Amino acid sequence: MVSSCLLGEKVRYDGEGFQYPEILALSENYDLHPFCPEVSGGLSIPRPPAERSGVSILTKNGKDVSAEYRLGAKKALDYCLKEDIRKAVLKSRSPSCGKGQIYDGTFTKTLTEGHGVTAELILAHGIEVYTEEDLGGLK
Ligand code: SF4
């Protein structure tokens, strides 16, 4: 599974996506399954930026969107299990997809240790998670 936004799909909160040729090139050796947990959880494009604050996900205006983020995480896990997906390349620092480091909930671009809710859930089910900044030797 690959974060949809890393494959150029315009699903980010600001309506943009990214181009990463090295991730597209993984299609030579892997079936790439794009997935965006936030859109799958029912959030719109564009949408207000949100950050993880403990167990909650809050928008910059303080709206609690935890339910949508957690639904998206569950749908991502269900998809991985259904498709027998063992590896995921997810967008770094996202409150959904981030692995190891995420923004700290203050909207000041401050990083803290932790995972986004989707990365956390699929890691807990044994799926290997990489980021666009650390493909872990995948090619
Ligand atoms: S939820 Fe993940 S896939 Fe969707 S836009 Fe955010 S980082 Fe990209």
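Look up: the structure comes first, before these words.
First, a word on scope: everything that follows refers to the structure included in this document.

What counts, and at which threshold
- Residues numbered from 1 in each chain as written.
- Predicted model: local features only at pLDDT ≥ 70, side-chain atom pairs only at ≥ 80, totals over all residues.
- Heavy atoms only, no water.
- Helix = DSSP H or I, 4+ residues; strand = E, 2+ residues; numbered from the N terminus.
- Expected span 1.5 Å × (residues − 1).
- Contact = heavy atoms within 4.5 Å.
- Axes fitted to C-alpha atoms, helices over the stretch in contact; angles between N-to-C directions.
- Left-handed = near helix turned anticlockwise from the far one by under 90°.
- Nonpolar A, V, L, I, M, F, W, Y, C, P; charged D, E, K, R; others polar.
- Near = heavy atom within 4 Å.
- Salt bridge = Lys/Arg side-chain N within 4 Å of Asp/Glu carboxyl O.
- Buried < 20%, exposed > 50% of the residue type's maximum accessible area, 1.4 Å probe, protein only.

## Points about helix α3 (residues 66-83)
Taking 1.5 Å per residue as the helical rise, α3 with its 18 residues ought to reach 26 Å, and the 26 Å between its terminal C-alpha atoms agrees with that figure. Buried residues belonging to α3 abut β2 (34-35), α2 (37-40), β3 (50-53), β4 (56-59) and α4 (117-124).

## Re the packing of α3 against α4
At a minimum axis distance of 8 Å, the contact between α3 and α4 shows a crossing angle of 35 degrees. Considering how the two elements wind past one another, α3 and α4 form a crossing that is right-handed. The residues of α4 that touch α3, namely those facing Tyr69, Arg70, Gly72, Ala73, Lys74, Ala76 and Leu77, are Val117, Thr118, Leu121 and Ile122. Of the residues in the contact of α3 with α4, the class split is 7 nonpolar, 2 polar and 2 charged.

## Quick notes on the environment of proline 34
Structurally, the position occupied by proline 34 is in strand β2. Spatially, the C-alpha atoms of proline 34 and methionine 1 are 5.8 Å apart, while their sequence positions differ by 33 residues.

## Description of the site of the ligand
Contacts to the ligand come from 14 residues, most closely from Cys5, Cys36, Glu38, Lys91 and Cys97. In the shell around the ligand, the residues fall into 6 nonpolar, 4 polar and 4 charged.

## Remarks on the pattern of salt bridges
Per the stated rule, a full pass over the model turns up 9 salt bridges. Between arginine 52 and glutamate 120 there is a salt bridge; the shortest N-O distance is 3.2 Å. Separated by 68 residues along the polypeptide, arginine 52 in strand β3 and glutamate 120 in helix α4 bring together distant segments of the chain. On the basis of relative accessibility, which here comes to 11%, the residue arginine 52 falls in the buried class. On the basis of relative accessible area, glutamate 120 is assigned to the partly exposed category, the value being 33%. For aspartate 78, the salt bridge is made with lysine 74, and the minimal N-O distance between the two is 2.8 Å. Placement of the pair is aspartate 78 and lysine 74 together in helix α3, with a separation of 4 residues, close to one helical turn. Among the residues examined, aspartate 78 registers a relative accessible area of 35% and is labelled partly exposed.

As far as function goes, none of this settles anything; it's purely spatial.
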